[in-house]
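Read off the chains here:
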Amino acid sequence: MNLLNHIDAFFSDSAHWEGYDGIPTRVLEHIQYTLMALGMAAAVGLPIGLVTGHTGRGGNTLALVATAARALPSFGLMVLMFILIGLGMAPVMIPLVVLAVPPILVTTYEAMRSVDPAPVDAARGMGMAEAEVLFRVEVPMALPLILSGLRTAAIQIVSTATIAAYVSFGGLGRYIIDGLYQRDYEKTVGGATLVAVMALATLGVFWAVARLTVSPGVRRGG
């Protein structure tokens, strides 16, 4: 049976659309994990990236921390947290947040540093406070790159949140892990397909957000 047949068999089975192990339930769980991790990562990465980018200080330290965080294996970190903390959301969220912070942090910093200094100097010349310069001038101009960092982090979380199934949580990883354990390749392929579709959907969501939030002038300039 080829890959397409596995996919068709998985999605055409009505049993996969009902109950606690149904596709709607698993998709919602996966979205929940993704939004929680992305929200926490953004709460850490965005303020630090904005401030360091605005002031131009701490760039080397930021790059060092981001590189170190990227080097941490998500699965190994999750297992370690599970041993130290025990069963719960924390062992799942910590590695996902650690994974997502670096692209948000680094891209936000680079976005702020890439802003044209002319309008920034003009804003200061008009007497704007630094907070006004940051949020009324720099952030709108840097928004496309900032969103790209959030998008990268979100896709990484969507792909990696499958590890939650290793510590008895749900999400789309449940199909992959259970399918491998049961030698049910239809379930494994179906779960992997759903993860890929969700990653593509995430791209679409961020494209729509960019269209709604980035001014046409900034889009044309980029």
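Residues numbered from 1 in each chain as written. Predicted model: local features only at pLDDT ≥ 70, side-chain atom pairs only at ≥ 80, totals over all residues. Heavy atoms only, no water.

Draft legend 1. Highlighting the overall build of the protein chain. Helix and strand counts for the protein chain come out as ten helices and zero strands. The secondary structure elements of the protein chain, listed N-terminal to C-terminal, are α-α-α-α-α-α-α-α-α-α. Residues counted as buried form 45% of the 222 residues belonging to the protein chain. Across the protein chain, every contact between residues at least 6 apart in sequence was considered, and the portion connecting residues at least 24 apart equals 75%. Put simply, the protein chain shows about 11,700 Å² of open surface, and 66% of that area lies on carbon and sulfur atoms. Counting 13 positive and 14 negative side-chain charges, the protein chain places the averaged centre of each group 9 Å from the other. (Helix = DSSP H or I, 4+ residues; strand = E, 2+ residues; numbered from the N terminus. Buried < 20%, exposed > 50% of the residue type's maximum accessible area, 1.4 Å probe, protein only. Contact = heavy atoms within 4.5 Å. Areas by Shrake-Rupley, 256 points an atom, 1.4 Å probe, with all protein chains shown as cover. Lys, Arg positive; Asp, Glu negative; His and termini not counted. Charge placed at Lys NZ, Arg CZ, Asp CG, Glu CD.)

Draft legend 2. View of helix α7 (residues 130-160). For α7, with 31 residues, the first-to-last C-alpha span of 38 Å runs short of the 45 Å given by 1.5 Å per residue. Of all the bends in α7, the largest measures some 60 degrees and sits at Leu143, one to four residues before the proline Pro144. (Expected span 1.5 Å × (residues − 1). Bend = angle between axes of the 7 residues up to and from the residue.)

Draft legend 3. Representation of the pattern of salt bridges. Summed over all chains, the structure comprises five salt bridges. Here Arg174 ties to Asp178 by a salt bridge, and the two come within 3.1 Å at their closest N and O atoms. Taken together, the residues span about one helical turn, with Arg174 and Asp178 both in helix α8 (residues 173-182) at a distance of four residues. Accessibility classification places Arg174 together with Asp178 in one group, the buried group. Through salt bridges with shared partners, a single ionic network connects Asp21, Arg26 and Glu29. (Salt bridge = Lys/Arg side-chain N within 4 Å of Asp/Glu carboxyl O.)

Draft legend 4. Quick peek at helix α6 (residues 117-125). Capping the start of α6 is the job of one residue whose side-chain oxygen sits 3.1 Å from the backbone nitrogen of Ala118: Asp116. Immediately beyond the C-terminal end of α6, within one or two residues, lies Gly127, with a positive phi of roughly 90 degrees. (Polar contact = N/O pair within 3.5 Å; in protein donor to acceptor, adjacent residues only side chain to side chain.)

Draft legend 5. Expanded view of the packing of aromatic side chains. Evaluation of the coordinates by the stated rule reveals four aromatic pairs. Aromatic pair Phe10 and Tyr175: ring centres 5.3 Å apart, planes at 80 degrees, arrangement edge-to-face. Within this pair, whereas Phe10 is found in helix α1 (residues 3-12), its partner Tyr175 is found in helix α8, the two being separated by 165 residues in sequence. Take Phe10 and Tyr175: they sit in the same class, and that class is buried. (Phe/Tyr/Trp six-rings, centres within 6.5 Å; stacked < 30°, edge-to-face > 60°.)

Draft legend 6. Quick look at the nonpolar core. Formed by 44 residues in total, the largest nonpolar core has its most connected members in Leu38, Val92, Leu96, Ile104 and Leu150. Elements that contribute at least two residues to this core include exactly α2 (23-55), α3 (59-71), α5 (90-113), α6 and α7. In contact with Val92, not counting residues within four places along its chain, are Met78, Ala164, Val167 and Phe169. (Core = buried A, V, L, I, M, F, W, Y, C linked by side-chain atoms within 4.5 Å.)

Draft legend 7. Representation of a nonpolar patch on the surface within the structure. Taken together, the side chains of Val79, Phe82, Ile83 and Leu87 make up a nonpolar region of the molecular surface, amounting to roughly 380 Å² of accessible area. Residue placement: Leu87 occurs in the loop between α4 (74-85) and α5. Exposure remark for Leu87: the relative accessible area of 62% places this residue in the exposed category. (Patch = residues over 30% accessible without salt bridge, like charges linked within 9 Å, V, L, I, M, F, W, Y side chains within 5 Å.)

Draft legend 8. Broad picture of the layout of surface pockets. Of the pockets and cavities examined, the second largest pocket occupies roughly 220 Å³. Looking at the second largest pocket, the residues that line it are Ile31, Thr34, Leu35, Leu38, Ala154, Val158, Met198, Ala201, Thr202, Val205 and Phe206. Sorting the residues of the lining of the second largest pocket by element identifies α2, α7 and α9 (185-213) as the ones contributing at least two each. With five residues, the single largest contributor to the lining of the second largest pocket is α9. (1 Å grid on protein atoms, 1.4 Å probe; cavity = no way out; pocket = protein on both sides within 12 Å on 5 of 7 lines; lining within 4 Å. Points joined across faces, edges and corners; volume = space filled by probe spheres on them.)

Draft legend 9. Highlighting unusual backbone geometry. Phi angles above zero are rare outside glycine, and Arg183 is one such case at about 55 degrees. Along the chain, Arg183 turns up in the loop between α8 and α9.

Draft legend 10. Focus on the side chain of Thr162. Within the fold, Thr162 resides in the loop between α7 and α8. Contact partners of Thr162, with chain neighbours within four places excluded, come to His30, Gly173, Ile176 and Val195.

Draft legend 11. Here's a closer look at the packing of α2 against α5. Where α2 meets α5, the axes come as close as 7 Å, and the angle between the chain directions of the two elements is 30 degrees. Here the hand of the crossing between α2 and α5 comes out right-handed. Of the residues in the contact of α2 with α5, the class split is 20 nonpolar, seven polar and one charged. (Axes fitted to C-alpha atoms, helices over the stretch in contact; angles between N-to-C directions. Left-handed = near helix turned anticlockwise from the far one by under 90°. Nonpolar A, V, L, I, M, F, W, Y, C, P; charged D, E, K, R; others polar.)

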